[in-house]
Amino acid sequence: PAAELPPGYDENMLLKFRVVVVVEDSEMIRRTIIMKFKAARREVGGDGAPPLDFQEHETVESVLPLIDSLATRTDVIFTVDQNLDAKGGVLRGNDLIVALVKANYRGLIFSVSGDEVVAEQHKKLGAHASLGKPLPKKKDMVTILEEACATKMKRDASEKSHSQ
């Protein structure tokens, strides 16, 4: 069942995202993630949807220096795999999610793990949703993106009410 969308949710919310940071050690899976995000973007916004800028990283270590510059942006999506050791990475996806949360990152975080237990751990650490492996079909991808936006809105509203 689809998540109940919170008040103020706008179906064009998905179009506000401009950057997708893909943290994945497999080039084939990075290409698939990019293809799926492009297809979901077209599904939501048609051919006139603003293009996405994709930043690809094979390790957590390679993306850590960018966190501070991306933390305050609300137009960035991170996709995070857990095991990134094929390209020499020592840190894992959960380390990246913790670093993003500590930096008060304002965008979306997606777990991209083939292990459901890891995906749940990622969500507990701060990921908004899980894409899983294999990656979902275009229609399911749009639904997952919408639900992640709704989850983010609810978390943001909760954080705002707790800080007042």
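Let me sum up the structure you'll find in this document. (Residues numbered from 1 in each chain as written. Predicted model: local features only at pLDDT ≥ 70, side-chain atom pairs only at ≥ 80, totals over all residues. Heavy atoms only, no water.)

**Observations concerning the pairing of strand β4 (residues 108–111)**
Along β4, one buried face is formed by Leu108 and Phe110 and the opposite face, lined by Ile109 and Ser111, is buried too. Note: strand β3 (residues 76–80) against β4, four bridges, orientation parallel. Across the sheet, Val80 pairs through a bridge with Ser111, a residue of β4. A crossover links β3 with its parallel partner β4, the connecting element being helix α4 (residues 93–102), and its sense is right-handed. In this sheet, strand β5 (residues 129–130) lies alongside β4 in parallel orientation, the contact comprising two bridges. Each residue of the ladder has a partner; that of Phe110, found in β5, is Ala129. Crossover connection from β4 via helix α5 (residues 116–125) to parallel β5: handedness right-handed. (Buried < 20%, exposed > 50% of the residue type's maximum accessible area, 1.4 Å probe, protein only. Helix = DSSP H or I, 4+ residues; strand = E, 2+ residues; numbered from the N terminus. Pairing = 2+ DSSP bridges. Right-handed = clockwise from strand over helix to strand, strands pointing away.)

**Description of the nonpolar core**
Within the largest apolar cluster, 24 residues are counted, with the highest numbers of intra-cluster contacts made by Phe37, Phe110 and Leu131. The set of elements that each furnish at least two residues to this core consists of β1 (19–23), α1 (27–45), β4 and α6 (138–163). Per element, the largest residue contribution to this core is six residues, and it comes from α6. If we ignore the near neighbours within four places in the chain, the residues touching Phe110 are Phe37, Ile77, Phe78, Thr79, Val80, Ala129, Leu131, Ile144, Leu145 and Ala148. (Core = buried A, V, L, I, M, F, W, Y, C linked by side-chain atoms within 4.5 Å. Contact = heavy atoms within 4.5 Å.)

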